[in-house]
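Architecture and fold: a report
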Number of protein chains: 2
Amino acid sequence: MNDYQFKLVKIAGDFVSHRHAHTDEVFIVLEGKMNIEFENEIVEINTGEMIVVPKGEKHKPFAKEECKIMLVEPTGVVNTGDAGGELTAPDNQWI
Amino acid sequence: MNDYQFKLVKIAGDFVSHRHAHTDEVFIVLEGKMNIEFENEIVEINTGEMIVVPKGEKHKPFAKEECKIMLVEPTGVVNTGDAGGELTAPDNQWI
């Protein structure tokens with residue numbers, strides 16, 4: 001919508017800790033349970049819950065078991081933020 | 001997030017037909033079933049489904065029975081768009 005994307009993602013295991021310098025990022029858990037490790041706390045997000053990660057804030061998403069989520073963020077945001085590396089995914093994989 | 005709001009809304013019955021000149025609008029159905037009447041078709045949106053109403057497109061949301069939805073749109077968008085009237089709701093009612 002407008003210049004935002006709603007991305008459906010399946011996650012499992014640990015993601016890399018990273019930050020997005022220019023945008024907030026919304027996680028909505030559709031099925032399962034995930035966590036986000038911030039610098040001072042670990043937050044659990046359950047099915048039907050959402051969280052807004054403020055821009056610039058270092059965060060590491062992880063899930064013990066497979067979890068289906070929807071991300072909401074501006075077009076072109078790189079999944080690994082400032083961290084880069086092998087977990088960086090291509091943009092715009094339409095399903 | 002950023003300059004967008006995620007609004008939780010319960011709807012029932014007919015809403016006024018209206019358009020938003022400057023923004024798309026996302027409807028996500030959390031519980032129940034709703035419809036949106038466009039100029040040439042009526043779309044049904046069920047639990048767990050979402051729809052993007054393109055900016056400028058005339059649309060009339062309605063629900064036969066109470067339906068819980070989440071709207072995603074820029075801060076300050078008026079619910080009745082260009083139509084106004086008695087269904088116009090105040091902005092920023094935090095829950």
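Residues numbered from 1 in each chain as written. Chains lettered and ligands numbered in written order. Predicted model: local features only at pLDDT ≥ 70, side-chain atom pairs only at ≥ 80, totals over all residues. Heavy atoms only, no water.

**Considering the interface of chain B and chain A**
Put simply, an interface is often sized by how much accessible area is lost when its parts join up. Just so we agree on the cut-off: Here a residue-residue contact requires only that any non-hydrogen atoms of the pair lie within 4.5 Å. Note: buried area is the sum, over both parts, of the accessible area (probe 1.4 Å) each one loses when the two are combined. Salt bridges, as used here, are contacts in which a Lys or Arg side-chain nitrogen is within 4 Å of a carboxyl oxygen on Asp or Glu. Helix and strand assignments follow DSSP, with helices taken as H or I runs no shorter than four residues and strands as E runs no shorter than two, numbered in order from the N terminus. Classes in brief: Ala, Val, Leu, Ile, Met, Phe, Trp, Tyr, Cys and Pro nonpolar; Asp, Glu, Lys and Arg charged; the others, Gly included, polar.
Facing the 16 residues of chain B at the interface are 16 residues of chain A. Taken together, both faces of the contact between chain B and chain A bury some 1100 Å²; the carbon and sulfur share is 70%. Three residues, Met1, Asn2 and Tyr4 of chain B, lead the burial of chain B against chain A; their summed loss comes to 48% of the area buried on that side. At the surface where chain B touches chain A, the tally comes to 0 salt bridges. Looking at the side of chain B that touches chain A, the elements with two or more residues in it are β1 (4-14), β2 (25-31), β5 (50-53) and β6 (60-74) of chain B. At 4 residues, the largest contribution of residues to the side of chain B that touches chain A is made by β6 of chain B. Of the residues in the side of chain B that touches chain A, the class split is 10 nonpolar, 2 polar and 4 charged.

**Thoughts on the side chain of histidine 18 of chain B**
Residue and element names in this part refer to chain B. Cut-off, in case you're wondering: Here the term buried applies to any residue with accessible area under 20% of the maximum for its type, exposed to any over 50%, and partly exposed to those in between, with areas from a 1.4 Å probe on protein chains only. Any pair of N or O atoms that falls within 3.5 Å is considered a polar contact. Within protein, one atom must be able to donate a hydrogen and the other to accept it, and sequence-neighbouring residues count only if both atoms are side-chain atoms.
Along the chain, the position of histidine 18 falls in the loop between β1 and β2. With a relative accessible area of 1%, histidine 18 lands in the buried category. A distance of 2.9 Å separates a polar side-chain atom of histidine 18 from the backbone oxygen of valine 16. Excluding anything up to four places from it in sequence, histidine 18 contacts Glu25, Glu57, Lys58, His59, Pro61, Asn79, Thr80, Gly81, Asp82 and Ala83.

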